[in-house]
Amino acid sequence: MPPPPPPSGRKNNLGRQNRRPYPPRRPAANAPENGVSPAQQPARPVSVATGALEEPKAMDPRRLYSTSAGESEAKPFKSLGNTLDESLLAGLDKMGFEYMSPVQQKVLTELPSLSSDCLVQAKTGTGKTAAFLLPAIQNLLSAPPTSRLPKGKVGILAICPTRELALQIAKECTRITQSLPQQLECHTAFGGTSRALSLKIFLAGNPTILVATPGRLNDILSEAAVREKFSHLKTVVLDEADRMLDAGFAPAIHTILSHLPSKTQSPGWQGMCFSATLPPKVSDVVKCVLYPGYTRLSTIDPNEAPTIDRVPQYSIVVPSPREQFPALLALVEAEYAAAPAPKEFKAIVFGTTANGVALLYDVFKAALPAFTHFELHSRMSQPARTRTTTAFKNVASGILFASDVVGRGMDFPNTGLVVQLGLPSSEEQYIHRVGRTARAGKDGRAVTILFSNEAFFVKTNRALPIKPYPTPVTSDLEKYQAQIDKAFTLVDDEAKAKAYQAFLGYNKTYLKKLQLDAKGLVQLANGYARAMGCAEIPLIEKKTIGKMGLKGVPGLNIGVAGRRL
Ligand SMILES: Nc1ncnc2c1ncn2[C@@H]1O[C@H](COP(=O)(O)OP(=O)(O)OP(=O)(O)O)[C@@H](O)[C@H]1O
């Protein structure tokens, strides 16, 4: 379907006549580094009467009941008058949360008590955040006078993997508690912010709820005054529990738990573990936060695909990394052209590494200047990450190039397309990334672009309903290749060198699965460098080559800061 003709009929950036620049081109002069433009249109409507941004329309969770296991009929929150405090119900009402989503209904009506330990699984974007916040907050509100939380003590600790997610959970918490007669303070603790300042605010404040990432939490728990704040802890939540207990985070979680009051000594605290993916091995490790005999709840039928049913999922396989760039360009054009009217095209493109994502952002900004682009990865400063997160949550249209810092848990309303460029590191990672679309009962699509060695991912994950992309978008890649080659001339060499090194580092981990040896990997990476238009293979320091385990592999260009050795 051809894109709609622009009123002016002027030539657009894609080198075609009659294509309306969409979203509107933003002025180059104020294009800031992180891709957040002050000119972006808010997705939320502006009230005609007040000119203020209106609250986003909440989803209708009744749409989530058709396919989920268990309850088949949605009940309104107000049916929980005996379970939830009136002020919480009032807060939910202000948020536009009328009906419970399946996971909320299960947790609030099927747990033996709201303070029971639980392991809960529900698909992405179906309201798990409120499903753990509501019981935990209700427990604080209904505690008998003898076990009421003393002022200044933390009652609820929620731990999650990323800074962006911590902020999002804290925001949801503030909205849920907005109608309480006495405001509950919800604090956050995560890296990339001033430790001294956030510690000062935490210690001087009255933080009833703390949402934290493991690194910073571990760090501040070394202070006796901080540990003292947790002396009356009532609930510990592990959001994205499988991630929080995997080999990367588990040591930090265990140290954190060693600083908290013992779970086994009376009165103990409630443990809650939530995720969309709970591989069987999680059952072995959750015992650090859950008592044996904990309640397990799931809204996912074990025979169902683990992803949201409303997301058609496709793959595009190209011969080599070189073709991934034009294939993405062709895909964006095709998906944009097919986007439903009124034209709103909001997409997230996941890359495999932070430097790879930075490169994608640079090249697509040059290749598709009519779109609004965003980048989000761990190489950016925290303020830039936070600004971009907020901006992308609020835009109606745009493309976010992201690494896994927003792969799990993040809610970017109305994202209609998720693209994964390169090999997802696991089935779980794939599922969570796909879950950034079709949230809150909306529709969405997901496409994974792989080069031939990566194509095994589709074959080895048969539970995933991935089909070949339905139209031959890659039949004329040469046309798009020319556009990509031109765009790469505008990308600086340092960004290319970093992306090259990251490509080697990432794929080195998957040599066996990619059916490559070290020499083959270097050849592949060198092809990737040529695809980026590098005049020569980027230099890599000897010690970096050693760290990557690529010492002595032919084809590498060893050198330091522009000097070949
Ligand atoms: N009962 C409800 N009614 C209306 N909207 C809701 C309801 N519950 C949650 N939402 C909204 O649905 C969206 C998804 O919720 P949430 O982020 O909690 O999903 P999740 O299951 O935690 O997702 P993920 O698995 O990606 O972490 C959010 O925008 C949230 O505000």
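If you check an unreviewed UniProt entry, the chain appears there as ATP-dependent RNA helicase from Lophiostoma macrostomum CBS 122681. The Function (unreviewed entry) field of the UniProt record for the chain holds the comment "RNA helicase." On record in UniProt, under Sequence similarities (unreviewed entry), the comment for the chain is "Belongs to the DEAD box helicase family."

Chemist: Before we go on, may I ask you to explain the domain arrangement of the chain in this structure?
Modeler: A common measure of how large an interface is: the accessible area buried when the components associate. Each assigned domain of the chain is listed with its residue range as follows: domain 1 (105–298), domain 2 (307–488) and domain 3 (493–564). The C-alpha-based centres of domain 2 and domain 3 are spaced at 24 Å. Facing 18 residues of domain 2, the contacting portion of domain 3 comprises 17 residues. For the pair domain 2 and domain 3, the summed buried surface comes to about 1600 Å²; carbon and sulfur atoms form 70% of the total. Of all residues in domain 2, Leu359, Asn453 and Phe488 give up the largest surface area on contact with domain 3, accounting jointly for 28% of the area buried on that side. Joining domain 2 to domain 3, the criterion identifies 0 salt bridges. Linking domain 2 with domain 3 are 3 residue pairs in polar contact (both at pLDDT 80 or more), by the criterion used here. Here the side of domain 2 that touches domain 3 gets 4 residues from one element, more than from any other, and that element is helix α12 (residues 354–367).

Chemist: How should I be thinking about the site of the ligand in this particular structure?
Modeler: In the vicinity of the ligand lie 22 residues, with Gln104, Lys128, Thr129, Asp411 and Arg439 positioned nearest. For the ligand, an oxygen atom lies 3.2 Å from a polar atom in the backbone of Gly127. A distance of 2.5 Å separates an oxygen atom of the ligand from a polar side-chain atom of Asp411. About the coverage of the ligand: the protein hides 94% of its 640 Å² of free accessible area. Within the shell around the ligand, the residues separate by chemical class into 7 nonpolar, 8 polar and 7 charged. In this structure, the shell around the ligand is formed jointly by two domains, domain 1 (105–298) and domain 2 (307–488), each of which donates at least three residues.

Chemist: Please explain the side chain of Ser179 as it appears in this structure.
Modeler: Mapped onto the fold, Ser179 is located in the loop between α4 (163–176) and β3 (185–189). Filtering out sequence-adjacent residues up to four positions away, Ser179 remains in contact with Ser87, Ala90, Gly91 and Lys94.

Chemist: Teacher, can you tell me more about the environment of Thr307 here?
Modeler: Turning to its location among the elements, Thr307 is positioned in the loop between β7 (295–298) and β8 (313–318). Those residues in contact with Thr307 that sit more than four places away from it in its chain are Lys123, Gln313, Tyr430, Ile431, Val434 and Pro465. Within polar-contact distance, the side chain of Thr307 engages the side chain of Gln313 at 2.8 Å.

Chemist: Just to check I follow, could you spell out empty space enclosed by the protein for this structure?
Modeler: Gaps between atoms show up when a probe of the same size as a water molecule is rolled over them. Summed over the entire model, instances satisfying the criterion amount to 2 cavities of 30 Å³ or more. For the largest cavity, the calculated volume is near 200 Å³. Among the secondary structure elements, those contributing two or more residues to the lining of the largest cavity are α11 (321–338), α12 and α17 (493–508). Sorting elements by how many residues they give to the lining of the largest cavity places α17 first, with 5 residues. The class makeup of the residues in the lining of the largest cavity is 12 nonpolar, 7 polar and 1 charged. When residues of the lining of the largest cavity are assigned to domains, at least three map to each of domain 2 (307–488) and domain 3 (493–564). Looking at the second largest cavity, its volume works out to about 60 Å³. Taken together, Thr188, Ala189, Ser198, Leu199, Phe202, Arg216 and Ile220 make up the full set of residues lining the second largest cavity. Listed by contribution, the elements that provide at least two residues to the lining of the second largest cavity are β3, α5 (195–204) and α6 (214–220). It is α5 that provides the largest number of residues to the lining of the second largest cavity, a total of 3 residues. Looking at the lining of the second largest cavity residue by residue, the classes come out as 4 nonpolar, 2 polar and 1 charged.

Chemist: Before we go on, may I ask you to explain the UniProt feature "domain: Helicase ATP-binding" (unreviewed entry) in the chain in this structure?
Modeler: Sequence positions flagged by UniProt for "domain: Helicase ATP-binding" (unreviewed entry) are, in local numbering, residues 109–296. Counted over residues 109–296, helix gives 38% and strand 17%. Its end C-alpha atoms are 13 Å apart.

Chemist: It is not clear to me how the sheet that holds strand β14 (residues 466–468) should be interpreted in this structure. Could you clarify?
Modeler: Strand pairing in a sheet relies on backbone hydrogen bonds. The paired strands run either parallel or antiparallel. Ordered in space as β10-β11-β9-β12-β13-β8-β14, the 7 strands form an open sheet in which the pairing is parallel. Single-partner strands in this sheet number two, and they are β10 (373–376) and β14. For this sheet, the mean angle separating the axes of adjacent strands, direction not counted, is 25 degrees. Taken together, the 5 bridges between strand β9 (residues 346–350) and strand β11 (residues 398–402) define a ladder with parallel strand orientation.

Chemist: I keep staring at the packing of aromatic side chains and nothing clicks. Help me out?
Modeler: The final tally for this structure, using the stated rule, is 15 aromatic pairs. Aromatic side chains Phe325 and Tyr528 sit 6.0 Å apart centroid to centroid with 25 degrees between the ring planes, which places their arrangement in the stacked category. Residue Phe325 is found in helix α11, and its partner Tyr528 is found in helix α18 (residues 518–531); the two are separated by 203 residues along the sequence. By relative accessible area, which is 7% here, Tyr528 ends up buried. Within the aromatic cluster, the residues linked to one another by ring pairs are Phe325, Phe451, Phe488, Phe503 and Tyr528. If you follow Lys263 out to its NZ or CZ, it ends over the ring of Tyr291, 4.3 Å from the centre.

About the criteria used
Residues numbered from 1 in each chain as written. Predicted model: local features only at pLDDT ≥ 70, side-chain atom pairs only at ≥ 80, totals over all residues. Heavy atoms only, no water. UniProt positions renumbered as here; feature names shortened; annotations may be inferred. Domains from an automatic or database assignment. Contact = heavy atoms within 4.5 Å. Buried area = accessible area lost by both parts, 1.4 Å probe. Salt bridge = Lys/Arg side-chain N within 4 Å of Asp/Glu carboxyl O. Polar contact = N/O pair within 3.5 Å; in protein donor to acceptor, adjacent residues only side chain to side chain. Helix = DSSP H or I, 4+ residues; strand = E, 2+ residues; numbered from the N terminus. Near = heavy atom within 4 Å. Areas by Shrake-Rupley, 256 points an atom, 1.4 Å probe, with all protein chains shown as cover. Nonpolar A, V, L, I, M, F, W, Y, C, P; charged D, E, K, R; others polar. 1 Å grid on protein atoms, 1.4 Å probe; cavity = no way out; pocket = protein on both sides within 12 Å on 5 of 7 lines; lining within 4 Å. Points joined across faces, edges and corners; volume = space filled by probe spheres on them. Pairing = 2+ DSSP bridges. Axes fitted to C-alpha atoms, helices over the stretch in contact; angles between N-to-C directions. Phe/Tyr/Trp six-rings, centres within 6.5 Å; stacked < 30°, edge-to-face > 60°. Buried < 20%, exposed > 50% of the residue type's maximum accessible area, 1.4 Å probe, protein only. Lys NZ or Arg CZ within 6 Å of the ring centre and 35° of its normal.

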